[in-house]
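Residue-level structure breakdown
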Amino acid sequence: MWLIKMAWLNLWRNRMRTLVSMAAVFFAVVLSVTLTCLQNGAFEHLVENLVGYYSGYIQVHAAGYQNEPSLENGFRRSLHDEKKILAIANIASLTPRLESFALAASHDITKGVMVVGIDPKKENNCTALQKKLVLGNYLRAESKDVLIGSGLLRRLKLQVNDTLILIGQGYHGSTAAGKYRIGGVLRFGAPMLNDQVLFMPLTLAQELFSADDLITSYVLMLTKNDHPDAAASHLRAMMGKQFEVLTWEEMMPDIRQHINSDRVSTGIFRMILYFLVGMGIFGTMLMMMVERKKELGMLLAIGMSKSKLSLLLALESLLTVMGGCFIGLVFSVPLVYYLHVHPIRFSGELGSSWERFGFEAVIPASLNPDYFIRQVFAVLCIGLLISAYPVWKVIRMQVVQTLKS
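Report follows, based on the coordinates. Note that the structure is predicted; figures quoted are calculated from it, not measured. (Residues numbered from 1 in each chain as written. Predicted model: local features only at pLDDT ≥ 70, side-chain atom pairs only at ≥ 80, totals over all residues. Heavy atoms only, no water.)

1. Remarks on the pattern of salt bridges
The tally for this structure, following the rule as stated, stands at nine salt bridges. As a salt-bridge pair, D145 and R181 come within 2.5 Å of each other at their nearest N and O atoms. Here R181 lies in strand β8 (residues 175-186) and D145 lies in strand β6 (residues 145-149), a separation of 36 residues in the sequence. Among the charged side chains, a salt-bridge network with shared partners connects R77, E82 and D119. (Salt bridge = Lys/Arg side-chain N within 4 Å of Asp/Glu carboxyl O. Helix = DSSP H or I, 4+ residues; strand = E, 2+ residues; numbered from the N terminus.)

2. Re the environment of T216
Mapped onto the fold, T216 is located in the loop between β10 (214-215) and β11 (217-222). Relative accessible area serves as the criterion here: at 0%, T216 is assigned to the buried category. The spatial distance from the C-alpha of T216 to the C-alpha of R97 is 6.0 Å, given a sequence separation of 119 residues. In contact with T216, other than residues within four places in its own chain, are V60, H61, Y65, L71, G74, F75, R97, L98 and E99. There is a polar contact of 3.0 Å between the side chain of T216 and the backbone nitrogen of E99. (Buried < 20%, exposed > 50% of the residue type's maximum accessible area, 1.4 Å probe, protein only. Contact = heavy atoms within 4.5 Å. Polar contact = N/O pair within 3.5 Å; in protein donor to acceptor, adjacent residues only side chain to side chain.)

3. Re the pairing of strand β7 (residues 163-169)
One ladder, built from four bridges, connects strand β3 (residues 91-106) with β7; its direction is antiparallel. In the sheet register, A105 faces β7, and the bridge partner there is I165. Pairing geometry for β7 and β8, over seven bridges, is antiparallel. The residue of β8 that forms the bridge with Q169 is T175. The turn linking β7 back onto β8 is made up of five residues, and H172 within it adopts a positive phi angle of 60°. (Pairing = 2+ DSSP bridges.)

Following this line, the structure appears as structure tokens:
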């Protein structure tokens, strides 16, 4: 106990040195935590926009649909299969869809659109589609209206309650054509969804494409969104070879690759940050050993063992690093929370370039406590590793030579 008290008193004999060491650790914690939370918050927001808002975390198709997404590779909806799927652990909700493409026309304007037939109630339970409604009314199962993205509405120069015409190819090459009233407008976080998606009740879509009882996919949401592989493996074993089960990473490998490459580049930046902080702490340790060389030699000369002296210096380093980590963590929490509530938004050319790639130009910070703990632990380990230097110097110290120098 007396060693801890002595280590604490020794820290404040040279306050400037101690404050400089703590400041290096403090800024390392704040920068690494903020950077990590912003990076992962951007990834989580991107995945939520593309996955949570539309594609789901897992999809079930007929075998071959992923390579050739057409009505010919659809399958018959089965309530029995839906019950079995929902019984699997970690699967929270399910919605059936019939997806195909058509040409939307209004006056002299045409635009290719993705037509999505949905069960309105199940779709809302799965993707909270009704929350994306900004104008008009949400669909009902018996409705004859459609919902379209805000970008698509603008491109077609239409308003709510206007009529648009859909022309396409139905099941087995039949002609698909129909005239529909716009019942509501949706706005998604992902611009590419806003510009091309059109929703209608499932029965209306089956009627349009002459595909009675046919669907192209089951879209699944999970209770734990970061572990889709286990549920997907269970589904593959249950559904058999006539179906394919894909996680969002398999459906959108380009997004997964983008996230991985960005994490690598950020990881390199973080390693440079750790190196600079480590050099700062090491420089302080080096200065301390030079200043206290005679003091340490005197303690050894009057009978203090090298083991106790090493422990004393280790405790001083531990208190310095832990103090910097604690203050850095206390400062990081409100800062990250502020960036979560008030995310960074890009405008102008930078914002437009993000949207051209299909990303919403916003970066919210993640509040996942793991990111705080990991970064604080990493900085703490670096500080403790560097604190081994004075211990090593004490072990090698020769008392007579130290006092003479």
